[in-house]
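Residues per chain are reported as follows:
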Amino acid sequence: EVQLQASGGGLVQAGGSLRLSCTVSGITFDDYAIGWFRQAPGKEREEVSCISRTDGTTYYRNSVKGRFTISSDSPKNTVYLQMNSLKPEDTATYFCAANIICHSDYVGYSPHDFWGQGTQVTVSS
């Protein structure tokens, strides 16, 4: 069974940092693109970042460019999202997903993607 476990969320003040982790099991880690998505109350889920494990392609939403960095640790089957200079607008539940569509200028859903449970990020002003 494919399982994704997201962790690392919490409460942080504006300007602070958090590092989210997504640990993947049940699939060959290096064969899949991994992405981060987020959803705030009353808003649509939106893409945040992704990384392709086959060619290293990364994508960042415009509003997080320069602040967030995605990385992977293959031996640990883990993808990280380092979030710096956090803003209240970043407050949301963050989800990781595997086998999503990941290009340098686009990230989207696949009919055969896999989702983990979310981790809450709250940024206070």
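Residues numbered from 1 in each chain as written. Predicted model: local features only at pLDDT ≥ 70, side-chain atom pairs only at ≥ 80, totals over all residues. Heavy atoms only, no water.

Asker: So what's going on with the pairing of strand β4 (residues 33–39)? Which residues, and what values?
Answerer: Counting buried positions along β4 yields 6 of 7 residues, so the element is predominantly enclosed. The pairing of β4 with strand β5 (residues 46–52) spans 6 bridges and is classified as antiparallel. What sits directly across from I34, in β5, is I51. Strand direction decides the pairing type here: β4 and strand β9 (residues 92–98), joined by 6 bridges, are antiparallel. Across the sheet, F37 pairs through a bridge with F95, a residue of β9. (Buried < 20%, exposed > 50% of the residue type's maximum accessible area, 1.4 Å probe, protein only. Helix = DSSP H or I, 4+ residues; strand = E, 2+ residues; numbered from the N terminus. Pairing = 2+ DSSP bridges.)

Asker: I'd like a description of the nonpolar core, backed by residues and values.
Answerer: With 29 residues, the main nonpolar core has I34, W36, F68, L81, M83 and Y94 as its most contacted residues. Elements with a minimum of two residues in this core: β1 (3–7), β3 (18–25), β4, β5, β7 (68–73), β8 (78–83), β9 and β13 (119–124). Among residues more than four places away in sequence, those in contact with L81 are L18, R19, L20, W36, V48, S49, F68, T69, I70 and Y94. Of all hydrophobic cores here, the second largest spans 8 residues; its members include F37, A97, I100 and V107. (Core = buried A, V, L, I, M, F, W, Y, C linked by side-chain atoms within 4.5 Å. Contact = heavy atoms within 4.5 Å.)

Note that all results are geometric; they support no functional claim without further evidence.
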